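# Secondary and tertiary structure notes
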Amino acid sequence: MSERPASGLLDTSVIVDLERLEASDLPVRAAILVVTLAELLAAPLAATDLGERARRQDRLITVVTV
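All of these numbers come straight from a predicted model, not from anything done at the bench.

### Quick word on the pattern of salt bridges
- Taken as a whole and assessed by the stated rule, the structure comprises three salt bridges.
- We note a salt bridge from Arg55 to Glu52, for which the minimum N-O separation is 3.1 Å. Linking Arg55 with Glu52, this pair stays in helix 3 (residues 50–65), spanning three residues, or about one helical turn.
- Judged by relative accessible area, which is 22%, Glu52 ranks as partly exposed.
- The structure contains a network of salt bridges with shared partners spanning Glu52, Arg55 and Arg56.

This is how it looks when you write it as structure tokens:
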């Protein structure tokens, strides 16, 4: 088992799959690009049903408050 990186940049795809990933697979400190933030901001608006819109909104809130 390898040691966790001290820091890293998380892509949008990683953010979307955060619930499925183990904390040990992620860096200790993480950052996201402004492009990722923009994609996360637009995602709830692009959802076609209310359940998916709510999940995307929850994901956005989690990312911006951490």
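### Some words on helix 2 (residues 34–46)
- Helix length check: helix 2 (13 residues) gives 18 Å between terminal C-alpha atoms against 18 Å at 1.5 Å per residue, within 8%.
- Structurally, helix 2 contributes buried residues whose contacts are with strand 1 (7–10), helix 1 (12–16), strand 2 (29–32) and helix 3.

The rules behind the values
- Residues numbered from 1 in each chain as written.
- Predicted model: local features only at pLDDT ≥ 70, side-chain atom pairs only at ≥ 80, totals over all residues.
- Heavy atoms only, no water.
- Salt bridge = Lys/Arg side-chain N within 4 Å of Asp/Glu carboxyl O.
- Helix = DSSP H or I, 4+ residues; strand = E, 2+ residues; numbered from the N terminus.
- Buried < 20%, exposed > 50% of the residue type's maximum accessible area, 1.4 Å probe, protein only.
- Expected span 1.5 Å × (residues − 1).
- Contact = heavy atoms within 4.5 Å.

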